[in-house]
Amino acid sequence: MHKGENLSLDYTLVNDNAVDFAIVMGLKSVDYVAGVNVSNSIPYTGSNTFYVVWEKSMSGLDLADATHMNAYLRWSSASKDLDLYFIYNNGNNWNTSRFMSKHRNDFLGMAEESLTGIDIQYYLKTFQDVGIGISNPSDQESYSLDLSFTGEKSTDNGHATPGYISSLSAGEKKSIQVSIDTSALNYGETYDYYLTAEENGQEVARAPIRLTILENTQVTTTTTTTTTASSTTVAGSTTTTIQGGCTLAGDNPPCDVIEVSEIINLITAWTQSNASIADVIALINAWTGS
Ligand SMILES: [Ca+2]
């Protein structure tokens, strides 16, 4: 598929419970809202204790439209075992959340920890402040912390058909077609969307869609299906179009010849939530020949 053509995906909406009425099908895009880099040094903190290195309330960032947060920490020496925490303040103390990235970096040989998909909206509504903590069980170390924030909104680049289903009986299935116009999308970038089904303003099902526009004008898509605990689920059927190009994300022709600039471009895309950390690591591994 070439840039500018319509991407078409077929889904089946299945009602595995009682009759549902007035279902609104929507296509939402995940967009970059804000980002910041914090470069500093972290002293000895002891293990399993952290220093607060970033606080939302002190940052000046407008995160009203942000739904998710990603954090990527790098430091100088992989012999040091820094850990990364997404933390919240309940008015009295900073507490660790379920989002923490703790690896034995001295074993792994990789001086990085990362967190993706933090549902920051919940924490912002529930607690006084949110932040990032770093632990460092050895002596002072310099680090670079990239934070990026994404939000979801209805996209102008595509739609779901039908957009409205007046009723869906128990066991009834409905074909849903998603159409995305790629003409406004950029070469080499990855875009995330969600097909959503809402009933009375409450989301009852969603399915993620990831779309990458390759530099040589081919488009690949990968879709996976998630279901919610509610009565309506989206059963996935996917259309995947792969027409050549390099198989490794971030690698551009000539394939399998990894340039440092390609790694930098992919890391930049990652900080803007347009690439995954797994893709970055895979590209770096290909570059180092491991
Ligand atoms: Ca670690």
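Keep in mind the model is a prediction, meaning the values are calculated, not measured. (Residues numbered from 1 in each chain as written. Predicted model: local features only at pLDDT ≥ 70, side-chain atom pairs only at ≥ 80, totals over all residues.)

**Here's the deal with the sheet that holds strand 3 (residues 46-55)**
Operational definition: For two strands to count as paired, DSSP must find a minimum of two bridges between them. By the criteria applied, helices consist of DSSP H or I runs no shorter than four residues and strands consist of E runs no shorter than two, each listed in order from the N terminus. Here an axis means a line fitted to C-alpha atoms, over the contact stretch when the element is a helix, while the angle between two N-to-C directions is reported on a 0 to 180 degree scale.
Taken together, the four strands give an open sheet; going across it, the order is 3-8-5-6, and neighbouring strands pair in antiparallel fashion. The open sheet is flanked by strand 3 and strand 6 (94-101), the only strands paired with a single partner. Sheet twist, expressed as the average angle between the axes of neighbouring strands with direction ignored, equals 40°.

**Description of unusual backbone geometry**
That bond from Thr 161 to Pro 162 is cis: its omega, -5°, falls within 30 degrees of zero. Relative to the assigned elements, Pro 162 resides in the loop between strand 10 (158-161) and strand 11 (164-168). Even without being a glycine, Ala 22 presents a positive backbone phi close to 50°. Here Ala 22 shows up in strand 2 (residues 20-42). A positive phi angle is found at Asn 200, which is not glycine, with a value near 55°. Along the chain, Asn 200 falls in the loop between strand 13 (190-199) and strand 14 (202-213).

**Section: the environment of Thr 96**
Put simply, the test is: Here exposure depends only on C-beta density: within 10 Å of a residue's C-beta, 20 or more other C-beta atoms make it buried, 12 or fewer make it exposed, and intermediate numbers make it partly exposed, the C-beta atoms being placed from the backbone. Whether two residues are in contact is decided by their C-beta atoms, placed from the backbone, lying within 7 Å.
Along the polypeptide, Thr 96 turns up in strand 6. Of the residues examined, Thr 96 has 14 C-beta atoms within 10 Å and is grouped as partly exposed. Separated by 47 residues in the primary sequence, Thr 96 and Thr 49 place their C-alpha atoms 9.7 Å from one another. If we skip the residues at most four places from it in the chain, Thr 96 touches Tyr 85 and Ile 87.

**Considering the pairing of strand 12 (residues 173-181)**
In the sheet, strand 1 (residues 6-15) pairs with strand 12 via nine bridges, with the strands oriented antiparallel. Paired with Leu 13 across the strands is Lys 174, a residue of strand 12. As defined by bridge partners, strand 10 adjoins strand 12 across four bridges and the pair is classed as antiparallel. Residue pairing for strand 12: His 159 is matched across the bridge by Ser 179.

**Digging into helix 4 (residues 260-271)**
Stated formally: An expected span of 1.5 Å times one less than the residue number is assigned to each helix. Working definition: the arc comes from the directions between the helix axis and the C-beta atoms, pointing outward to the latter.
The terminal C-alpha atoms of helix 4 lie 17 Å apart, and with 12 residues this matches the ideal 16 Å at 1.5 Å per residue to within 8%. Considered for burial, the residues of helix 4 that qualify are Glu 262, Leu 266, Ile 267, Ala 269 and Trp 270. Projected down its long axis, helix 4 shows its buried positions confined to an angular sector of 160°, all on one face. Structural note: helix 4 exposes Val 260, Ser 261, Ile 264 and Thr 268 on the side pointing more than 90 degrees away from its buried face. Among the structural elements, strand 4 (68-75), strand 13 and helix 5 (277-288) are those in contact with the buried residues of helix 4. Taken from the residues just after helix 4, Ser 273 is the one with a positive phi, measuring 60°.

**Examining the nonpolar core**
Cut-off, in case you're wondering: The term nonpolar core refers to a group of buried residues, namely Ala, Val, Leu, Ile, Met, Phe, Trp, Tyr and Cys, whose C-beta atoms join them within 7 Å.
Among the nonpolar cores identified, the biggest contains 36 residues, and Ala 71, Leu 73, Phe 86 and Leu 266 are the most heavily contacted of them. In contact with Ala 71, not counting residues within four places along its chain, are Leu 84, Phe 86, Ser 114, Leu 115, Ile 132, Leu 145 and Leu 147. With 23 residues, the next largest nonpolar core counts Met 25, Ile 180, Ala 207 and Leu 211 among its residues.

**Here's the deal with the packing of helix 4 against helix 5**
Test applied: What sets the label is the angle itself: under 35 degrees gives roughly parallel, over 145 gives roughly antiparallel, 65 to 115 gives roughly perpendicular, and the rest give oblique. Residues are grouped as follows: Ala, Val, Leu, Ile, Met, Phe, Trp, Tyr, Cys and Pro are nonpolar; Asp, Glu, Lys and Arg are charged; all remaining types, including Gly, are polar.
Direction vectors running N to C along helix 4 and helix 5 enclose 170°, while the axes themselves pass 9 Å from each other. In terms of orientation, helix 4 lies roughly antiparallel with respect to helix 5. Residues Glu 262, Ile 263, Leu 266, Ile 267 and Trp 270 of helix 4 form the contact with helix 5, whose own contacting residues are Ile 277, Asp 279, Val 280, Leu 283, Ile 284 and Trp 287. Here the contact of helix 4 with helix 5 is composed, by residue class, of nine nonpolar, no polar and two charged.

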